[in-house]
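Understanding the architecture of this molecule
Listed below are the residues making up each chain.
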Amino acid sequence: MLRSRPTKQHAAPSNNGSLSTHNSTRRSNGGNNYDDPRGRRKSAISTTPLIGTLIVASMLFLVLLFSGSLSTSDINSSSSSSTSVEVVDNNNNNAPKVDGIHIIHDNNNQQLRNSAAMQSNNIDNKSHSFKTTITSDTTGATSPTTGATLHIIFSTDCGTYQHWQSYLFFHRAYSIRQPGYITRIASGCTEKQLQDEKAWHEEHIAKVMSDRYRIHFTPHFSGVKDETTGEVKDDYKYFNKPFGLKHFLEHDELLGLVVESSGNNQMKQPNDIIILCDPDFALLRPITDDFSNPRETLVGPRRKTHFDEMSLHIVTHGHPYAQTYGLGTQWRKFNLDEIAGATSPAKEVDQKNGGLFYPAGPPYIGTASDMYKIALAWAEFAPRVHKEYPHLLAEMYAYCIAAAHLQLPHTLIDSLMISSAGIGGEGWKFISDIPESETCSFASNPDHSIRPIPSLIHYCQRYVVDARYFWGKRKVPHGIFTCDHPLLEEPPMDLGQGVSHTEKDRMNAFMVCALTKFTNDAMMFFKDHHCEGGGNRERRELVPHVNLVRKKGG
């Protein structure tokens, strides 16, 4: 799997050659209103008279309610109206182009959000998008510091391997109180798989965790087609990421495009924030669009100067963020004429800026309008990159090219994740700063208020300590979230400690302790809510000891 390394960061050149930084908050000439960094109009009028009015109105409301003049049915009926929207057809050959996006910058975004949330969603299309009732309660849907609505999404297939990963992802989001809508994009399901996953999600996730936790179904995208005959000749499962993102942004009931009679496709919520993740993420603390707090934000030394010079450290239009990955600038060596076009701006990115702003990986974080532009180019470029480079990471290189083509340099953050013990460009400094005696206990119950920690664990590696204590996703039984499956044996609290252990051992101990505890927590949650008598509570090792001795370090 991919290992990250730190790279430099400097200011990205804008079209006029100046340094590209975030725009500061702008006030309008009128004096009473101003535009926030995302272009949303805000009021600067004093709210003091409004508060008095609200108090009087509230007192009058209570008098009417208790006198019987106003019933709760009157209240409910006033918010039960619904509206219908036309969603872009997945098979529409007139799909919008990057330059043809018509974006509505709505100044009353929250009112629109509440209206969409109150209606019972009955949108259907040929992709069988999951239909559910989104309640009017949007508590927890927005960033606590910027107020932007967040959408955390991750792409999967419909197999059992990513089924259990999806449940663990949702449970970790639930455990840390992650704000925003959390959506699993499930691609390529058979009709039976679709119905089974839809019912399972509703019963075991949406009903018991949150109705903000959703599932979105898409067609099968991973087939590699012969450009001449159109015949599917291979399968590259990671095509589901760009095509699944594009489909989600076009069809989702809260975000999707609306077709007008004029033919202009309107994005309903362009200012919302998209956080694109992988299914093998275990959240340690909430992830948002705000990187202003230096306590919790690590940036590589070569990027630090530019980062410190930026006027804002939040995600805005034209300024996406992502985790630093060790992709380098290999994408510049591909045939960019064939992939992105002879006049593509990606061809103008030099070695220095290519390495500073584009070796990005998940989580990718951008405004909905920016992420849709990226999705269109990404889905177009990914098959062409794979044709030239039919290997793992093809879709990630395609993302780099799409971002460069659209002139969307990314601010790369080291501390969004940890994955491979001790690798550069990740948030391992936070783990090294934990006292050795607390490594396992803190990993089992991480508390960001006590010590800064990375946003998430990307469990794409195998983690072994003392050739016995182990966690690896490919060894996890697919049926762990059932009543009969036993819990996992948890490691001792002194795992990785002592003079016989290296710093890398201690980092692996953090991963083993955290992932074992998180898996058990999710299994216990499942058993508590769905198993009569509490289900099987026995504990067993993840894999036999002998397997680890033979495969240690593999």
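Conventions we followed
Per-chain numbering applies: the sequence of each chain, read as written, is numbered from 1 onward. Local features are withheld for residues below a pLDDT of 70 in this predicted model, meaning they are given only at 70 or higher, and side-chain atom pairs are given and counted only at 80 or more; totals for whole chains, interfaces and linings count all residues. Just so you know, side-chain values use all the structure's heavy atoms and leave hydrogens and water out. Criterion used throughout: strands pair if DSSP finds at least two bridges between them. Strands are runs of DSSP state E lasting at least 2 residues, helices are runs of H or I lasting at least 4, and numbering of each runs from the N terminus. Note on geometry: axes are lines fitted to C-alpha atoms, helical ones only across the stretch in contact, with angles between N-to-C directions running from 0 to 180 degrees. Here a residue-residue contact requires only that any non-hydrogen atoms of the pair lie within 4.5 Å. The buried label goes to any residue with under 20% of its type's maximum accessible area, the exposed label to any with over 50%, and the partly exposed label to all in between, with areas taken from a 1.4 Å probe on protein chains only. Defined by distance alone, a disulfide is two cysteine sulfur atoms within 2.5 Å. If an angle is under 35 degrees, it is roughly parallel; if it is over 145, roughly antiparallel; if it lies from 65 to 115, roughly perpendicular; otherwise it is oblique. Left-handed is the label given to a crossing in which the near helix is rotated counterclockwise from the far helix by less than a right angle, and right-handed is the label when the rotation is clockwise. Under the grouping applied here, Gly and all other residues not named as nonpolar or charged are polar, the nonpolar ones being Ala, Val, Leu, Ile, Met, Phe, Trp, Tyr, Cys and Pro and the charged ones Asp, Glu, Lys and Arg.

1. Structural notes on the sheet that holds strand 7 (residues 150-156)
Across the sheet, 7 strands lie side by side as 9-8-7-14-17-16-18; this open sheet has mixed pairing. Both edges of this open sheet fall to strand 9 (213-218) and strand 18 (411-413), since each of them pairs with a single strand only. Each strand of the sheet is rotated relative to its neighbour by a mean of 25 degrees, with strand direction disregarded. Here strand 14 (residues 273-277) runs beside strand 17 (residues 360-367); their pairing, made up of 4 bridges, is antiparallel. Bridged to Ile 273 within strand 17 is Thr 367. Along the sheet, helix 5 (residues 191-206) makes contact with strand 8 (181-187) and strand 9, crossing strand 9 at roughly 170 degrees.

2. Description of the pairing of strand 9
With 6 of 6 residues buried, strand 9 is to be regarded as a mostly interior element. Judged by which residues are buried, strand 9 turns out to be covered on both faces: Tyr 213, Ile 215 and Phe 217 on one side and Arg 214, His 216 and Thr 218 on the other are all buried. Sheet topology places strand 8 next to strand 9; 6 bridges connect them, and they run parallel. By the bridge assignment for strand 9, Ile 182 is matched with Tyr 213.

3. What about the state of the cysteines?
This structure, assessed with the given rule, holds 3 disulfides. What pairs with Cys 158 in a disulfide is Cys 189, and their sulfur atoms sit 1.6 Å apart. Here Cys 158 is found in the loop between strand 7 and helix 4 (160-176), whereas its partner Cys 189 is found in the loop between strand 8 and helix 5, with 31 residues between them in sequence. The same class applies to Cys 158 as to Cys 189, namely buried. When the cysteines engaged in disulfides are numbered in sequence order, the chain pairs them as 1-2, 3-5, 4-6.

4. Side note on the environment of Leu 194
Here Leu 194 lies in helix 5. For the pair Leu 194 and His 216, spaced 22 residues apart in the sequence, the C-alpha separation amounts to 9.9 Å.

5. Details of the packing of helix 6 (residues 240-251) against helix 10 (residues 368-388)
Closest axis-to-axis distance for the helix 6/helix 10 pair is 8 Å, and the angle between their directions is 140 degrees. It follows that helix 6 is oblique to helix 10 by the angle criterion. Remark: the crossing between helix 6 and helix 10 carries left-handed chirality. Two secondary-structure elements touch here, helix 6 through Lys 241, Pro 242, Phe 243, Leu 245, Lys 246, Leu 249 and Glu 250 and helix 10 through Ala 368, Met 371, Tyr 372, Ala 375, Leu 376, Trp 378, Ala 379, Ala 382 and Pro 383. Residues that form the contact of helix 6 with helix 10 fall into these classes: 13 nonpolar, no polar and 3 charged.

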